[in-house]
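Analysis of the macromolecular model
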Protein chains: 2
Amino acid sequence: MNYFSSDFKLGILGGGQLGKMLLTETRKFDIQTYVLDPSDEAPCKTGSNRFFKGDLMDHDTVYDFGKQVDVLTLEIEHVNVEALEKLENEELKVYPSAATLRLIQNKGKQKDFYKANNIPTADYQRFATLSDLKQAAENNEVAMPFVWKSSQFGYDGNGVKVIRSAESFNGLPEGECIAEAMIPFKNELAVIVARNPSGEIKTYPVVEMEFHPEANQVEYVICPARIDEAVAAKARRIALEVSEKFNHVGLLAVEMFQTEDDEILVNEVAPRPHNSGHYSIEASYTSQFEQHIRAILNLPLGNTASKAAGIMVNLVGAEGYSGNVVYQNIESILGKSGVTPHIYGKKQTRPFRKMGHVTIVHEDINEARKVAEEVKETIKVISIPQTPGGGIQKPDNI
Amino acid sequence: MNYFSSDFKLGILGGGQLGKMLLTETRKFDIQTYVLDPSDEAPCKTGSNRFFKGDLMDHDTVYDFGKQVDVLTLEIEHVNVEALEKLENEELKVYPSAATLRLIQNKGKQKDFYKANNIPTADYQRFATLSDLKQAAENNEVAMPFVWKSSQFGYDGNGVKVIRSAESFNGLPEGECIAEAMIPFKNELAVIVARNPSGEIKTYPVVEMEFHPEANQVEYVICPARIDEAVAAKARRIALEVSEKFNHVGLLAVEMFQTEDDEILVNEVAPRPHNSGHYSIEASYTSQFEQHIRAILNLPLGNTASKAAGIMVNLVGAEGYSGNVVYQNIESILGKSGVTPHIYGKKQTRPFRKMGHVTIVHEDINEARKVAEEVKETIKVISIPQTPGGGIQKPDNI
């Protein structure tokens, strides 16, 4: 198959930052892309060969879009799966497959899948409704504390809550959910697996999510993880197994816990490029985005090793600021060696909105970690205050 | 100044492959770009925020384009300099400056500039016409063999010829030219210098152009050059000096000869990202394209050191093929570790047309050199033969 500078068309469902970083690679290879996204201001509007505005959950929109391309992939899981099934039945190559998406879109089914395939994961129980879970808790069939997770559409920590008493249920949605055992863990790890239709499979090194000691928010993604080699090898082996069991094509990001006794438990997966792999753009021989393109087009996979240590810091909107974005002190972080900001191109910031990320690359991981902290403390994603007269007043030190 | 996700507009004259690789960086930083190029099929048509079709040598076209942007740069030197002068007089920031372009566009003036500034360069004489040069040769005022160079618009080896006898003049254009002493050299080297308006200045490591032993064509650009450290230090020092004397802003690629007695002679310069710096996308902490953007926007310059050894192989159209391009055996080169093809997005190949390049990155430069040779011998830029019936017949082993 001739993908390069040809009539071949790759379709991408979703036009956000992950799509934008995929487009860097399709442009590099001169592979034509069509992108579908609900927002007219999507980051992929520039850089795609054709951009379509439309609802990713609408059957006909997704189906009609799929009929125009030769291979279909996605950068977000929340898409109409029935449309993908129909397209697959009509012989379109869809990666990840509709079957994988069905499993992943429902956290209960995802957990059942791990259990059925002997993949280590935290104990859990499934409930059709929140009321059923409450009843079970009342009857002591579920022991507190535990972790409530919405089965559908959890994203970036939404749809997850620790339940310590009956009061914790307040405000939770009524829908299908799971109750998961709380796991005391040393580290949260992730491994990205790439697999192509021919079955060639490779894992990236294990990365470590370092949390803020108080805020319980991921602050840094660090590659390689600062863990024992034996634990790292086990994490990569388990991630490989997960990808193989899903018969997955493309990237699969496998998030895991390293328990106090060095067991590895799979938490959840994402069937696409992932925040935990952004470091790879600068630090790896093959970035995760190039690798995803290679995998879904059944090209040989690239080297997943690193050229240097890499640390990623997310740039999220600061609290108290909404409106036209300004990256305060960005010039100062550009002056630090090995620092690369990625600005996603969203014009409006909101508290905690993912607006970009910064990668720090250094021969020495400890040096990279120091610079990462400086970056984290220096740059701030704020908005331009509007003066009452309608003019724009710039904050200090832009 | 706020460049990121703002209303700021960067203008780029020229929309070829160098522009396309600049756009990778402007997209990463979400800096708005306007691009002007004469071809409706220019590689920059996708990826720029606005694309304008127009003649780069036409005064009004360039001037009108420049009036729409906040900073103006270029990816090709052959542009209307009078328009740039007018824009500068109206306070537009133009990098490289019109004055630098005037010097560089004329090889005679460029050589005079080196001489006036005590920058080592091969001896030369200037002639207003080819007839004047012929006369001088006849009178033995110029000793054969020497190198004839057209003063204007030489590009990629065009406009250069070794004159060994009166017959060598046949077919040369009549215009202004220089006669340059032939320098027996060990190596052809290049150093890219970045300088911003604040005067911050950095050099990239010295690269070496390795020539095919018979065809006298550059086959590999190798970073770092396999030369003595003292010679490398001298080459970087001289390149710095050239950039400072030009008071240059942006990138300046300085091409040099290393003579048999390890003297460094400046051959010529290019005031923009350059073929000799393509390796930097994968091998350097800061790619030359990101560095150019940083420099012209007066941002801090990035680290110019390398993460690994890098070798670049140009992908040029094979002889005997014209038409819709096919990259034969590209899948096979993707299977080699550390290999990244860049496909420029030109739909039509022609013999010797620059269609792309391949970078090979490896910890060990000797390993990288071996893989580079495999790449060179494997991939072939050909065209799809048209069958008489109008259908398309694919060549073997695509």
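Criteria and cut-off values
- Residues numbered from 1 in each chain as written.
- Chains lettered and ligands numbered in written order.
- Predicted model: local features only at pLDDT ≥ 70, side-chain atom pairs only at ≥ 80, totals over all residues.
- Heavy atoms only, no water.
- UniProt positions renumbered as here; feature names shortened; annotations may be inferred.
- Patch = residues over 30% accessible without salt bridge, like charges linked within 9 Å, V, L, I, M, F, W, Y side chains within 5 Å.
- Areas by Shrake-Rupley, 256 points an atom, 1.4 Å probe, with all protein chains shown as cover.
- Salt bridge = Lys/Arg side-chain N within 4 Å of Asp/Glu carboxyl O.
- Lys, Arg positive; Asp, Glu negative; His and termini not counted.
- Charge placed at Lys NZ, Arg CZ, Asp CG, Glu CD.
- Helix = DSSP H or I, 4+ residues; strand = E, 2+ residues; numbered from the N terminus.
- Contact = heavy atoms within 4.5 Å.
- Buried area = accessible area lost by both parts, 1.4 Å probe.
- Polar contact = N/O pair within 3.5 Å; in protein donor to acceptor, adjacent residues only side chain to side chain.
- Pairing = 2+ DSSP bridges.
- Axes fitted to C-alpha atoms, helices over the stretch in contact; angles between N-to-C directions.
- Expected span 1.5 Å × (residues − 1).
- Buried < 20%, exposed > 50% of the residue type's maximum accessible area, 1.4 Å probe, protein only.
- Arc of directions from axis to C-beta.
- Least-squares fit on C-alpha atoms with pLDDT ≥ 70 in both.
- Parallel < 35°, antiparallel > 145°, perpendicular 65-115°, else oblique.
- Nonpolar A, V, L, I, M, F, W, Y, C, P; charged D, E, K, R; others polar.
- pLDDT = per-residue confidence, 0-100.
- Left-handed = near helix turned anticlockwise from the far one by under 90°.
- 1 Å grid on protein atoms, 1.4 Å probe; cavity = no way out; pocket = protein on both sides within 12 Å on 5 of 7 lines; lining within 4 Å.
- Points joined across faces, edges and corners; volume = space filled by probe spheres on them.

Going by what an unreviewed UniProt entry lists, chain A is known as N5-carboxyaminoimidazole ribonucleotide synthase and is assigned to Flavobacterium cyanobacteriorum. Listed under Catalytic activity (unreviewed entry) in UniProt, the entry text for chain A is "5-amino-1-(5-phospho-beta-D-ribosyl)imidazole + hydrogencarbonate + ATP = 5-carboxyamino-1-(5-phospho-D-ribosyl)imidazole + ADP + phosphate + 2 H(+)".

1. Some details on a negative patch on the surface
Residues D55(A), D58(A), D60(A) and D64(A) make up a contiguous surface patch of negative charge. Tracing the backbone through its elements, the reader meets D64(A) in helix α2 (residues 59-66).

2. Thoughts on the interface of chain B and chain A
Facing 47 residues of chain B, the contacting portion of chain A comprises 47 residues. Buried area between chain B and chain A, both sides added, is near 3,900 Å², and the carbon and sulfur share of it is 53%. When the area that chain B buries against chain A is broken down by residue, the three leading residues are R27(B), Y285(B) and L334(B), summing to 15%. For the pair chain B and chain A, the interface holds two salt bridges. Close ionic contact of D30(A) with K347(B) constitutes a salt bridge, the shortest N to O distance being 2.9 Å. Summed over the shared surface of chain B and chain A, the result is 18 residue pairs in polar contact (both at pLDDT 80 or more). Residue assignment for the side of chain B that touches chain A shows that the elements contributing at least two residues are α1 (17-28), α9 (288-296), β17 (323-328), α10 (330-334), β18 (339-343) and β20 (354-362) of chain B. The dominant element in the side of chain B that touches chain A, judged by the number of residues it contributes, is β18(B), at five residues.

3. Let's talk about the sheet that holds strand β6 (residues 124-127) of chain A
In any sheet, the strands associate via hydrogen bonds between backbone groups, in a parallel or an antiparallel arrangement. Residues and elements named next belong to chain A. One open sheet accounts for four strands, arranged β6-β9-β7-β8; its pairing is antiparallel. With partners counted over all chains shown, the strands left at the sheet margins are β6 and β8 (160-163), one partner each. In this sheet, neighbouring strand axes are inclined to one another by 25° on average, regardless of whether the strands run parallel or antiparallel. As judged from the five bridges shared by strand β7 (residues 146-150) and strand β9 (residues 177-181), these two strands associate in the antiparallel manner. Note on β9: the bridge partner recorded for F146 is A181.

4. Some remarks on helix α7 (residues 229-246) of chain A
All names here are of chain A. In this model α7 runs 26 Å from its N-terminal to its C-terminal C-alpha over 18 residues, within 8% of the 26 Å that 1.5 Å per residue would give. Within α7, the full set of buried residues consists of V231, A232, A235, I238, A239, V242, S243 and F246. Around the axis of α7, the buried residues are gathered within 140° of arc, so they sit on the same side. Along α7, exposed side chains directed more than 90 degrees from the buried face belong to E229 and A230. Once α7 ends, the next one or two residues include N247, with phi positive near 55°.

5. A word on the relation of the copies chain B and chain A
Under the fitted operation, chain B is carried onto chain A by 0.0 Å of movement along the axis and a turn of 180°, and the coordinates agree to an RMSD of 0.0 Å. Expressed as a symmetry operation, the mapping of one chain copy onto the other fits a two-fold axis. Closest to the rotation axis within chain B is the C-alpha of G47(B), separated from it by 2.1 Å. In this assembly the copies share their binding face: 100% of the residues contributing to the interface of chain B also contribute to that of chain A.

6. Observations regarding the UniProt feature "binding site: ATP" (unreviewed entry) in chain A
Residues and elements named next belong to chain A. When the UniProt feature table is mapped onto this chain, "binding site: ATP" (unreviewed entry) is found at K107, K149, E180, A181, M182, I183, E188, N267 and E268. Beyond its immediate stretch of four places on either side in the chain, A181 contacts A122 and D123. In this structure, M182 sits in the loop between β9 and β10 (185-195). A residue is classified by how much of its surface remains accessible, and M182, at 36% relative accessible area, is partly exposed. Apart from the residues within four sequence positions on either side, M182 is in contact with P145, F146, V147, V162 and R164.

7. With respect to the packing of helix α4 (residues 98-105) of chain A against helix α5 (residues 107-116) of chain A
How two helices pack is summed up by the angle between their axes together with the distance between the axes. All names here are of chain A. α5 packs onto α4 with a crossing angle of 105° between their chain directions and a minimal axis gap of 5 Å. If you check the angle between α4 and α5, you find them roughly perpendicular. Contacts between α4 and α5 involve R102, L103, I104 and Q105 on the former and, on the latter, K107, K109, Q110 and F113. Across the contact of α4 with α5, the residue classes tally to three nonpolar, two polar and three charged.

8. Considering the pairing of strand β10 (residues 185-195) of chain B
All names here are of chain B. The element β10 is extensively covered by neighbouring structure, given that nine of its 11 residues are classed as buried. Sheet topology note: the β10/strand β14 (residues 250-259) ladder contains 10 bridges and is antiparallel. By the bridge assignment for β14, N187 is matched with Q258. Here β10 pairs with strand β12 (residues 207-211) via three bridges, running antiparallel. What sits directly across from E188, in β12, is M209. Bridge count for β10 against strand β11 (residues 201-203) is three bridges, and the pairing is antiparallel. Bridge pairing in β11 places V193 opposite T203. Here β10 folds back onto β11, and the loop between the two strands holds five residues, one of which, G199, carries a positive phi near 95°.

9. Some thoughts on the confidence of the model for chain A
The pLDDT averaged across chain A works out to 94; a share of 95% of its residues lies at or above 70. In the predicted structure, residues 389-398 of chain A sits below a pLDDT of 50 and forms 17 contacts with residues beyond four places in sequence or in another chain.

10. Notes on the sheet that holds strand β19 (residues 348-349) of chain B
Residues and elements named next belong to chain B. Strand order in the open sheet formed by three strands is β19-β17-β21, with antiparallel pairing between adjacent strands. The sheet is open, and its two edges are formed by β19 and β21 (380-383), each paired on a single side. Here four bridges tie β17 to β21, and the two strands are oriented antiparallel to one another. Counted as the bridge partner of V325 is S383 from β21.

11. What about the packing of helix α3 (residues 81-89) of chain A against α4(A)?
All names here are of chain A. Direction vectors running N to C along α3 and α4 enclose 160°, while the axes themselves pass 9 Å from each other. In terms of orientation, α3 lies roughly antiparallel with respect to α4. Two packed elements cross with a definite hand, and for α3 against α4 that hand is left-handed. Residues V81, E82, L84, E85 and E88 of α3 pack against A98, L101, R102 and Q105 of α4. Classifying every residue of the contact of α3 with α4 gives four nonpolar, one polar and four charged.

12. As for empty space enclosed by the protein
Scanning the model with the defined rule gives seven cavities of 30 Å³ or more in all. What lines the largest cavity is a set of 40 residues, among which T24(A), E25(A), I281(A), T24(B) and I281(B) lie closest to the centre. Counting residues per element, the ones that place at least two in the lining of the largest cavity are α1 (17-28), α8 (280-283), α9 (288-296) and β18 (339-343) of chain A together with α1, α8 (280-283), α9 and β18 of chain B. The element best represented in the lining of the largest cavity is α1(B), accounting for seven residues. Considering only residue class, the lining of the largest cavity consists of 12 nonpolar, 14 polar and 14 charged. Quantified by volume, the second largest cavity comes out at close to 140 Å³. K20(A), L23(A), T24(A), R27(A), T46(A), G47(A), K20(B), L23(B), T24(B), R27(B), T46(B) and G47(B) are the residues that line the second largest cavity. The set of elements that each furnish at least two residues to the lining of the second largest cavity consists of α1 of chain A together with α1 of chain B. Counted by class, the lining of the second largest cavity contains two nonpolar, six polar and four charged residues.

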